[in-house]
Structures are given as C-alpha cells and as structure tokens.
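Listed below are the residues making up each chain.
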Amino acid sequence: MRGAGSKKQEARSGEQEAGSGERGAGSGERGVGSGEREAGSGKREAGSGEQEAGSRKQEAGSRKQEAGSRKRGAGSRKREAGSGKREAGSGERGAGSGERGAGSRKQEAGSRKRGAGSGERGAGSGERGAGSGEREAGSGKTYSPPCSLLVTTNQLDPNHDIFQNQMVSAKRLPSIAVPERIFEQMSLPFSLIEAIVGSENLLRSPEELHCYSFDASKMCSAPEGVVFPSDAAQISALVKLANEQLFALYPRGSGSGMVGACLPRGGLVVVTNRLNKILEIDGDNMTATVEPGVITGEFQKAVSKYGLFYPPDPASLAFSSMGGNVAMCSGGPRAVKYGVTRDYLLGLEMVLPTSEIIRTGTRTMKGVVGYDMTRLMAGSEGTLGIFTKILVRLIPAPQSVRTLTTVFSRLESAIEAICSILKARITPSTIELMDQATIGAIENHLHIGLPVEAEAIVLIEVDGYDIVLDGEVSEIEKICRNAGATSTEVARSPEQRERLWRARRSISPALGRIRPGKLNEDVTVPRTKIPELIRSIRSLARKHDLIIVCFGHAGDGNIHTNIMFDRKNESERRRAGKAVEELFTLVLGLGGTISGEHGIGIAKSPFIEQEVGPGGLEAMRRIKKALDPLNILNPGKMFVADRTFLDFV
C-alpha cells in the first residue's frame, strides 16, 4: 500500500507492471491509458494546450488528478489504482492510473533512485541524448515522436511481406527529450501545410501514404502526410511550421536505403524529388551544382558529355538521388580507388532543423574557415538538415577501362593477390570478390559454366590511359598467377566487359532462389582480415544452420554478408537475427565497422554504441540537440536503440 503520510512507493523494489511497461523520467511520466506525461506542472500542451484522457485532469497548482471517482490529493501524494490500493506483494501498478504524484515523484528500481529535481532519464528507455531520449536538465520533460505507432498497411500490397501481411499491434517507440514544450500532436495542421506547398503537392489518402511508408529494408510505417516542396523557401516554411506546431518531419529521397533511415513514424514526409535540376556544370573548374532530387546515374551521364567524371557509384545509381547519396554517404564498387560521396562534396545549401537556410563549404579546392559543416552533413541521415543544393567536385574522365576476372581454388590466395596488386602501385577502380556460395548461387541461376568448385572469383577493373593500362593488366595477371589463380580472362571491348560483369550483377536475383528472405549486411574489415572474416562467417552459418553468402568490394574490405532465411519459418528468423548480432561482434573484434556504406537508420541502431563507444555516441547526441533542439527532423533514428528491424526479422 502507499500511505498518505509516508508517501512511500513499494513495488518489489520499484518493479513496473508488464502491462504498462513504462517508467516516469524524473517528474514526467506517461499514463498507460492516455499516453500522457507529467513534466513539472503536469500539464501538456498539444493544440489547445490541454489533454484529457477519459475524465482525468491535471492541475498545475494542486497536482490533482481525477480518474473517474479516484482522486489523488496534492498533500498526501496518494496513488489509487483500481480500488485505491496498491499491493506491495504483487508489485503492481494500476494500468488505469499508472501515474505518480508530482510532489515526491519517487521511484525505486532496485537500488537506483531518480530525483524529480534532477530530471534523470528513465530506466525504461535507457536512452539519454539529444533526439534519443535524453532528459532535459531542469525541465525533466520527455517527448514521444508524434504518431509513434508502428503500423502497416500491407492489405494494399499482398506481396509486401514485412509482417507477413498481418496488421501489427501498435507499439510506442522510445521517448525523446525536448525542452519546455512537449508535442503529442496526432493530427497534422493540413490547412497550414497546404497553404505552403499547394493541395496538388500534398498526399493524404491511405493508398498514397503507403507508397512512402517503406524503403529497401522492407520495414513499413505509414506517415500522416507527404509533401513535395519546390524550393528552399517552401522547405524552410515547413520546418518553421513544424517547430511552431510541434510535429516531426522525415526527409526522403528515392527511398532506396537499406536501413530504414527515411521511414516515418507518423508525421510528415518531405520528398525532395521536385528539386531535380542540374543547376551548373563548370567544366573549367571541374565542379557542378545540383539539386537533391537529381538521379545519380543521370548526373554521371550529363557530366561525361564534358569529358568529366563523377565516380561515386552506389548499386542503386539508376534511381537513387544525389540528396539521398549525401545523406547516407553512399559508396560503391569504385570506392577502392575513388572513395565515397563525401570525398566529392564541396558544399551544401540546406535548411536547418530550426528553419534557417545556410550554405556550407566553398567552390574552391581549399577552404578551412570554421568547422567543416559540409563533412558533418555527409552521412547525417536526414537528422541535421534538409539539402536544397549540392556542390560537388569532378575529375577528368578516364580514357579507357580494362576488366578481367580471375579464379582461385583457395580464398586465401585470392586475398593475397588483391593485397599484392595494391602493393605493386596499381590501384584498380574496382576489385569485387565472390565466394564459393555466391558462385554456386549464380551458376544455379544463369548456367553459364562458372567453376563452382572454386573458393573465389575476383573481378578486377582498371581505368586510365591506354598506354598505361596494357602494362597494368599484364602485371595483374602475373600477380594473380603467382598467388595461385587457376585462370584469368581479360575483356578488351565493351561487349566482353559486359559479359564479365553479368555474373556480378546477377547476384541478388540468384540469391532469391536460395531463400525468399535475406539480411544484407555491409560489414567492412581491413583487407588482410577478409579470409578470417569469411572463415568465421562459415562457422557462424554452421552454428545457426543457415546459408550465408559473402561477396562485395574486397578492394576496400567491404564484404556484403547475406544471411539467407525464410520469413515464414519462425525458427530461421530467430536464428538469422541472432547471427546478425554475432556477426557485428565478430567484425568489431577484427578492427572493422558494422557499416561501410548502408548507414545506421533503424536496422543498426542497437549496435552503434558498440562501435563508437558511450562517449562518441553522447558527442553525436549533443550535436543533434544543438542543431535540432525540438527533435523535429527524422526522430527515432541512429541514436535510439530500436530493435524494430531485428524483431521484424
């Protein structure tokens, strides 16, 4: 029982009932029935500034709550649950009231205590940080992303198998701390949004919203609305409105990401594909300015007419946008020689989360004035700003390209050859590895006579001047033979080159014949660790009785690890999820990274601290909070250890 005099809360050392599963953070807490939180005054402003759930009211002066006939006195801080009693033996908290007195706000969880004045973070979410559940010192208020209900509309598409075509129970995502104002607005101010972008650029129907509810991760979560702004001014006005009315914005490019980084949690999706102009190609200074909706492959074709070259080549370049490439810092096969998107980024025009339009970087090759905001934004995954213009550098287009494939009976011999090529002062533009499982899958799909007994096939491409390339190709063949290659084949025409690339490009459809589902992880290790990585992955496959296929950009150590499973097989799903977690631990132990090019988003957010450490993650959270104090842009990504993706698997 909780007495009026002692103000003592006993619940088996602060245990929370599984039915509510929620803890207050400092003085603020969430009512299970209504989803309310109290923060200081116990009032919450959302629209009219007051929320009522059923008949309960909150009064800032007396801290008085009424739930039907139940009352809590401000003086006694008495909690009534059901009949007004709380059994210490059962440790239950009534789901109907599920709330704490504003005066003492005392919670015991084991030996841990949280003071109402200190506003310490709730152990329930276990998160602290700007935009990820960090407490607001002084206010102790927390924020749940607006409309943070994970739902699907799979009845619109019977082939969309994220949740096996079943509706998913609504679940509240981890809370995020904000300053004084709290927003729980469950309905967007559509009339105000329409006044900014026009009715023709606002989507609201369930069928239309479904098209913007998922990305290549196959997770699904519907927004409340989708807008298509036409310029920076409209985006700035939308961001300003979001800060005033307190709703979340989710920037989106083409939706080709693999980790759920653009998925909405309700709120408003801001699609930038109307900003799709190539504004300038400066051939003399070898720079170009584009809008974020420009398609990467089309941009590459445009600059090639000037004899110039934009090297970043994500696999999705035929439909992915430049803005999305910058947001995720996309890579690709050519990264071994040319690097990734950030290596060609000179400057940005962008709308900050507080609605200001700023410009970063310079048009010059050098520039060291102030913090490097441009590099900070590359890979920020839509959490720090919405891009409206992108300035990139270009390089002269290579005169020619040579492509060759080499076959190895031993995986270790293939890695030895790759390292020896790079040590020989030859830098191929592409070095792609296919392991034995991949070779078998491709051959089963195409029937083109691949040597299924080989442990590795390496596809190597060099580019540059003809006078140099012939010598480099001869040297590469020699190095590969010395390392143990059983055969080599060189393509000297575009048609021959296309034939050699055919096997590499057919990997994804080939894997679909093995299992209908897969987890494509883009782990990266030092090149010399690739044999150890693949051997350990084989052991992982045996341990969990799964097929795991490895291929990818061996030149920079980026090995795409595909864990194959059947989504309809519950046992396989569980084993695949466990294998992912063990894979990340293995990769970090080898001095690698859990993502070479896909990013974090939702899919890898539970593991980001494992790589960057608590201090590194906290520093990132502080940057997020400094630029986005109300957590307007893309909340719930990167910093929240959200296991939605793993649970979905």
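Residues numbered from 1 in each chain as written. Predicted model: local features only at pLDDT ≥ 70, side-chain atom pairs only at ≥ 80, totals over all residues. Heavy atoms only, no water.

Colleague: Got a sec to walk through the nonpolar core? Specific residues and values, please.
Modeller: Here is a general trend for soluble globular proteins: nonpolar side chains tend to be buried in one another's company. Core analysis: the biggest nonpolar cluster contains 63 residues, and Phe 408, Leu 433 and Leu 533 have the highest contact counts within it. Each residue touching Phe 408, except ones within four places of it in the same chain, is listed here: Ser 413, Ala 414, Ala 417, Ala 454, Glu 455, Ala 456, Val 458, Cys 480, Ala 483, Gly 484, Ala 485 and Thr 486. Core analysis: the next-biggest nonpolar cluster, separate from the first, contains 31 residues, Ile 281, Leu 345, Phe 387 and Ile 390 among them. (Core = buried A, V, L, I, M, F, W, Y, C linked by side-chain atoms within 4.5 Å. Buried < 20%, exposed > 50% of the residue type's maximum accessible area, 1.4 Å probe, protein only. Contact = heavy atoms within 4.5 Å.)

Colleague: Could you give an account of the packing of helix α8 (residues 411-423) against helix α10 (residues 466-483), naming the residues involved and the relevant values?
Modeller: Contact geometry for α8 and α10: axes closest at 9 Å, N-to-C directions at 145°. Two packed elements cross with a definite hand, and for α8 against α10 that hand is right-handed. Where α8 approaches α10, its residues Ser 413, Glu 416, Ala 417, Ser 420 and Ile 421 are matched on the opposing element by Ile 476, Ile 479, Cys 480 and Ala 483. Looking at side-chain class alone, the contact of α8 with α10 contains 6 nonpolar, 2 polar and 1 charged residues. (Axes fitted to C-alpha atoms, helices over the stretch in contact; angles between N-to-C directions. Helix = DSSP H or I, 4+ residues; strand = E, 2+ residues; numbered from the N terminus. Left-handed = near helix turned anticlockwise from the far one by under 90°. Nonpolar A, V, L, I, M, F, W, Y, C, P; charged D, E, K, R; others polar.)

Colleague: Go over helix α9 (residues 436-446), please, and point to the residues and values.
Modeller: All of the buried residues in α9 are Thr 438, Ile 439, Ala 441, Ile 442, Glu 443 and Leu 446. Close packing links the buried residues of α9 with β19 (430-435), β20 (456-464), α11 (494-505), α12 (507-511) and β23 (547-553).

Colleague: Provide a residue-level description of the packing of helix α13 (residues 530-544) against helix α14 (residues 570-589), including the pertinent values.
Modeller: Helix-helix packing is characterised by the crossing angle of the two axes and by the distance between the axes. Packing of α13 against α14 leaves a shortest axis separation of 10 Å and a crossing angle of 155°. Relative to α14, α13 is oriented roughly antiparallel. α13 and α14 meet at a crossing whose hand is right-handed. Residues Leu 533, Ser 536, Ile 537, Leu 540, Lys 543 and His 544 of α13 pack against Arg 575, Lys 578, Ala 579, Glu 582, Leu 583, Leu 586 and Val 587 of α14. Its residues placed into classes, the contact of α13 with α14 shows 7 nonpolar, 2 polar and 4 charged. (Parallel < 35°, antiparallel > 145°, perpendicular 65-115°, else oblique.)

Colleague: Any details on the sheet that holds strand β16 (residues 386-393)? Residues and values, ideally.
Modeller: Taken together, the 5 strands give an open sheet; going across it, the order is β11-β12-β16-β14-β15, and neighbouring strands pair in antiparallel fashion. Both outer strands of the open sheet, β11 (278-282) and β15 (357-361), are each paired with one neighbouring strand and no more. Averaged over all neighbouring strand pairs, the angle between strand axes comes to 10°, with direction disregarded. With 5 bridges connecting them, strand β14 (residues 345-351) and β15 associate as antiparallel partners. Its bridge partner lying in β15, Met 350 is registered against Ile 358. Together, β14, β15 and β16 form the strand contacts of helix α3 (residues 232-245), whose direction differs from that of β14 by roughly 55°. Where helix α4 (residues 296-304) meets the sheet, it contacts β11, β12 (287-290) and β16, and its direction lies at approximately 35° from that of β11. (Pairing = 2+ DSSP bridges.)

Colleague: Report on the sheet that holds strand β21 (residues 485-491), specifying residues and quantitative values.
Modeller: Taken in spatial order, the 7 strands line up as β21-β18-β20-β19-β23-β24-β22 in an open sheet, and their pairing is antiparallel. Edge positions in the open sheet fall to β21 and β22 (517-524), since each of these has one partner strand only. Shown here is a sheet whose adjacent strand axes are inclined to one another by a mean of 15°, direction ignored. Here 9 bridges tie strand β18 (residues 400-408) to β20, and the two strands are oriented antiparallel to one another.

Colleague: Lay out the layout of surface pockets in plain terms, naming residues and giving numbers.
Modeller: The volume enclosed by the second largest pocket comes to roughly 820 Å³. Taken together, 34 residues make up the lining of the second largest pocket; nearest its centre are Arg 342, Ala 378, Gly 379, Ser 595 and Ile 600. Those elements giving two or more residues to the lining of the second largest pocket turn out to be α7 (373-377) and α15 (608-627). When residues of the lining of the second largest pocket are assigned to their parent elements, the largest contribution, 6 residues, is made by α15. (1 Å grid on protein atoms, 1.4 Å probe; cavity = no way out; pocket = protein on both sides within 12 Å on 5 of 7 lines; lining within 4 Å. Points joined across faces, edges and corners; volume = space filled by probe spheres on them.)

Colleague: Provide a residue-level description of the pairing of β14, including the pertinent values.
Modeller: With 7 of 7 residues buried, β14 lies mostly within the body of the structure. Note that β14 and β16 share 6 bridges and pair antiparallel. Each residue of the ladder has a partner; that of Glu 349, found in β16, is Lys 389. If you look at the hairpin formed by β14 and β15, you'll find 5 residues sitting between the two strands, and Ser 355 has a positive phi there, around 90°.

Colleague: Lay out the packing of aromatic side chains in plain terms, naming residues and giving numbers.
Modeller: Taken as a whole and judged by the stated rule, the model has 5 aromatic pairs. Relative to Phe 228, the ring of Tyr 212 lies with its centre 5.7 Å away and its plane at 75°, an arrangement referred to as edge-to-face. Taken together, the residues Tyr 212 in the loop between α2 (206-210) and β8 (225-227) and Phe 228 in the loop between β8 and α3 connect sequence positions 16 residues apart. Classification of Tyr 212 by relative accessible area gives buried; the value is 18%. Accessibility expressed as a relative area gives 10% for Phe 228, which makes it buried. Above the face of the Phe 190 ring, Arg 204 is positioned so that its terminal group lies 3.7 Å from the ring centre. (Phe/Tyr/Trp six-rings, centres within 6.5 Å; stacked < 30°, edge-to-face > 60°. Lys NZ or Arg CZ within 6 Å of the ring centre and 35° of its normal.)

Colleague: Give a detailed account of α10, specifying residues and quantitative values.
Modeller: Since the α-helix packs 3.6 residues into each turn, any two residues three or four apart lie on the same face. For α10, with 18 residues, the first-to-last C-alpha span of 26 Å sits near the 26 Å given by 1.5 Å per residue. All buried positions along α10 are accounted for by Leu 469, Glu 472, Val 473, Ile 476, Glu 477, Ile 479, Cys 480 and Ala 483. The buried residues of α10 all sit within an arc of 165° when viewed along its axis, so they share a single face. In α10, the exposed residues that point more than 90 degrees away from the buried face are Ile 467 and Asn 482. In this structure, the buried side of α10 is in contact with β18, α8, β20 and β21. Gly 484 sits one or two residues past α10 and shows a positive phi near 115°. (Expected span 1.5 Å × (residues − 1). Arc of directions from axis to C-beta.)

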